[in-house]
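# Residue-level structural notes
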Amino acid sequence: MNSFVPKSKENQRLQRAPAPNVSTLRRRTPCCGTTTATTTTSTTTTSRSIPRLCNHSPKLNINKTPDLLHPPKFGGQQLANRKPDITKNLPGKSVLKPPPQRVAEKPKVPCQVTFKIPTIANVPKKSVTKPPNEPPTTINQLQTNMKAANLNTKQTTEQENNNNMGLTNKKEEMKWSLDNFDIGRALGKGKFGNVYLAREKSSGFIVALKVLFKTQILKANVEHQLKREIEIQTHLRHPHIVRMFGYFHDDVRVYMILEYAPKQLYKELQAQENKRFSEEKAAVFIKQLAEALIYCHNKNIIHRDIKPENLLLTKSGDLKIADFGWSVHTLVSKRMTLCGTLDYLPPEMVSGDSHDKSVDIWSVGVLLYEFLVGKPPFEAPTYEETYRRILNVQYIFPQHVAPLARDLISRLLKVKPELRLALQDLLQHEWIKLHTQHLPSNSNK
């Protein structure tokens, strides 16, 4: 192939002139100095000294001689190693591409179903669609649905409250209702309700109907007390304990059917001269109270709220214990609950220690003092002073209290519970025997 030669005057002149035989030898020395270039021709010899460029020498701008054999194609200076493009003027060749080959399709294999643990991510959501013929929901229907939901919630709440209070939710289990009684006058008023005189219609039997409001009980958070009162008092059978014949309830109130005792001991005490009983009457009441408490303690029941307000009198004048709201049935001898009336609290309750059935013995001693003196032994203007007197067992006997009565009271009011006189020994005390010889002895069950 012929080499491409640009057509220029300079090139033509060079082609006509014969090329001299030129040999060039360039030698570099390792140190800085000069580089000697020797050019030898057939006719002349020329030597010149060329300064050698070192790294520390300043850069010199040396313009290279243009390559005349290969001038730039589009103007400007041609690069040193650039070669001319000789393929541009060649005729183009049409390249035929082979037809695409068809790849045989593989038979489809049915996908294997793998078990996935159901999670929130892969559980499909259920699409809820309304029936096409269902009419749109109206405001009245929404109100009806809301009332039905509120009614169900109310019924569930009432059932839970009844269970907490120990009341049955089955109406067929309740033997009585308010329609079975004729309601009479009010006998007394309490914190959670009232007590009314009532008569059972079919038999004409006179009872006391204790009516308690559920809202008051729930507000005071004493459901457990009502439950214990019903459970304990329905199982007690003693001549000096008010009997509970049964109970029933409605949506608002709880009705307790109790034995009727016409008199309240507290009112009877306030009606006496100097607001105190005689020694004979006080001894009779203390003896009957001790017999009833012995019966309760034998059944592991602690009353824990003995005071004149919770004692009733029958028509014949016999004492009966009522209101077992603070009572407890326990097989454990020690309790920690602070309960009762301030003037009748024992020292172990005031100091926050555990207590047992001996708290009832302390209450008997306080009650005997009030029967004979007309006021509690530790009564004071302030609560703090009352607490201090109870812890120190600080009280004074008036002159009219008999020595035997003083001895009995001092034996009952002991700081240490184990030192208090037992109720069985109380019945054998000389002061009790002296004033109760005419009474028949009741056998304790």
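What counts and what doesn't
- Residues numbered from 1 in each chain as written.
- Predicted model: local features only at pLDDT ≥ 70, side-chain atom pairs only at ≥ 80, totals over all residues.
- Heavy atoms only, no water.
- Helix = DSSP H or I, 4+ residues; strand = E, 2+ residues; numbered from the N terminus.
- Expected span 1.5 Å × (residues − 1).
- Buried < 20%, exposed > 50% of the residue type's maximum accessible area, 1.4 Å probe, protein only.
- Contact = heavy atoms within 4.5 Å.
- Polar contact = N/O pair within 3.5 Å; in protein donor to acceptor, adjacent residues only side chain to side chain.
- UniProt positions renumbered as here; feature names shortened; annotations may be inferred.
- 1 Å grid on protein atoms, 1.4 Å probe; cavity = no way out; pocket = protein on both sides within 12 Å on 5 of 7 lines; lining within 4 Å.
- Pairing = 2+ DSSP bridges.
- Axes fitted to C-alpha atoms, helices over the stretch in contact; angles between N-to-C directions.

Helical geometry note: an α-helix holds 3.6 residues per turn, so side chains three or four residues apart project in the same direction. Between the first and last C-alpha of helix α8 (residues 358-373) there are 23 Å, a value that for 16 residues agrees with the 22 Å anticipated at 1.5 Å per step. Along α8, 16 of the 16 residues are buried, which leaves the element largely enclosed by surrounding structure. The positive-phi residue at the C-terminal boundary of α8 is glycine 374, with phi of around 105°.

Take the environment of histidine 429 next. Relative to the assigned elements, histidine 429 resides in the loop between α11 (423-427) and α12 (430-435). With 21 residues separating them along the chain, histidine 429 and leucine 408 place their C-alpha atoms 7.4 Å apart. Apart from the residues within four sequence positions on either side, histidine 429 is in contact with Leu404, Asp407, Leu408 and Arg411. At 2.9 Å, the side chain of histidine 429 forms a polar contact with the side chain of aspartate 407.

The positions UniProt marks with the feature "binding site: ATP" (unreviewed entry) are Lys191, Lys210, Glu259, Tyr260, Ala261, Glu309, Asn310 and Asp323. The subset of the named residues that lines the largest pocket consists of Lys191, Lys210, Glu259, Ala261, Glu309, Asn310 and Asp323. Looking at where glutamate 309 falls in the secondary structure, it is placed in the loop between β10 (301-302) and β11 (311-313). Looking at where asparagine 310 falls in the secondary structure, it is placed in the loop between β10 and β11. Sequence-distant contacts of asparagine 310, that is, excluding residues within four places in its chain, are made with His303, Asp305, Lys320, Ile321, Ala322 and Asp323. Polar side-chain contacts of asparagine 310 include one of 2.9 Å to the backbone oxygen of aspartate 305.

Here we take up the sheet that holds strand β12 (residues 319-321). Overall, antiparallel pairing links the 3 strands, which are arranged β9-β11-β12 in an open sheet. Each having just a single partner strand, β9 (263-264) and β12 make up the two edges of the open sheet. Two elements, β11 and β12, share 3 bridges in a ladder whose sense is antiparallel. Among the inter-strand pairings, leucine 313 is bridged to a residue of β12, identified as leucine 319. In the packing of helix α6 (residues 279-298) onto the sheet, the strands contacted are β11 and β12, and the crossing angle to β12 comes to about 35°.

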